[in-house]
Amino acid sequence: KYGIIASKSAGKTTMMRAISNGQVEGFPTKDEVRTIFIENDIQGSQMQMNTCQYLVDTVGFGIEVTEEEARKILIDAGFTEVMCSGLITQLSGGWKMKLALIRATMQKADIMLMDEPTNHLDMESKETLEEALKGYEGSLITVSHDRWFLDQVVNRIWELENGVVTVYYGNY
């Protein structure tokens, strides 16, 4: 699992999106590995969806799930019936992150890209995220300024400064 520390945040989201879209030379394409970019990516039309509808609408890689299946998955993960039926925009940052992780797990992503995943999370949600990522069997590439989070979930740091990448082995 890899952590990226960028000295300047400009361009990191663009970089992560380019990796996800297979636009980085030498990086495996979507035909070779399942790559998912987890970000706050609620689109205009999705803002009026309830949480179950959102999950059904956004699962990719040709995976189809019914609203009933989505509801069961969400309930099993700790979502309440009210949360499942409520608008996606009513969820806190922590629950949105949990939803994104559920979606990535359903898609069986080989590589999970995360841009500042601990932003807007309370301590309990951070701990839940850390535990989920520790058990994640795929590769994780995350951009974060949260040193504690990096220390908990990565085993290699890529420091990006002035266009130069320095690799450090181990956690933060």
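Anything mentioned here points back to the structure above.
Figured I'd write up the structure that's included with this text. Since the structure is predicted, the reported quantities are computational estimates derived from the model, not experimental observations.

### Observations regarding the packing of helix α5 (residues 93–106) against helix α6 (residues 123–134)
Helix packing geometry: the angle between the two helix axes and the distance between the axes. Close contact between α5 and α6 brings their axes to 10 Å; oriented N to C, the two are set at 15°. In this view, α5 runs roughly parallel relative to α6, as classed from their interaxial angle. The crossing of α5 and α6 is left-handed. Here α5 contributes G94, M97 and L101 to the contact with α6, which in turn contributes S125, L129, A132 and L133. Taken together, the residues of the contact of α5 with α6 sort by class into five nonpolar, two polar and no charged.

### Notes on the side chain of K126
Residue placement: K126 occurs in helix α6. Residue K126 is classed as buried on the basis of its relative accessible area, which comes to 19%. Those residues in contact with K126 that sit more than four places away from it in its chain are T118, L121 and D146.

### Remarks on unusual backbone geometry
Positive phi outside glycine occurs at E116, with the angle close to 50°. For E116, the location among the structural elements is in the loop between β3 (111–115) and α6.

What counts and how
- Residues numbered from 1 in each chain as written.
- Predicted model: local features only at pLDDT ≥ 70, side-chain atom pairs only at ≥ 80, totals over all residues.
- Heavy atoms only, no water.
- Axes fitted to C-alpha atoms, helices over the stretch in contact; angles between N-to-C directions.
- Helix = DSSP H or I, 4+ residues; strand = E, 2+ residues; numbered from the N terminus.
- Parallel < 35°, antiparallel > 145°, perpendicular 65-115°, else oblique.
- Left-handed = near helix turned anticlockwise from the far one by under 90°.
- Contact = heavy atoms within 4.5 Å.
- Nonpolar A, V, L, I, M, F, W, Y, C, P; charged D, E, K, R; others polar.
- Buried < 20%, exposed > 50% of the residue type's maximum accessible area, 1.4 Å probe, protein only.

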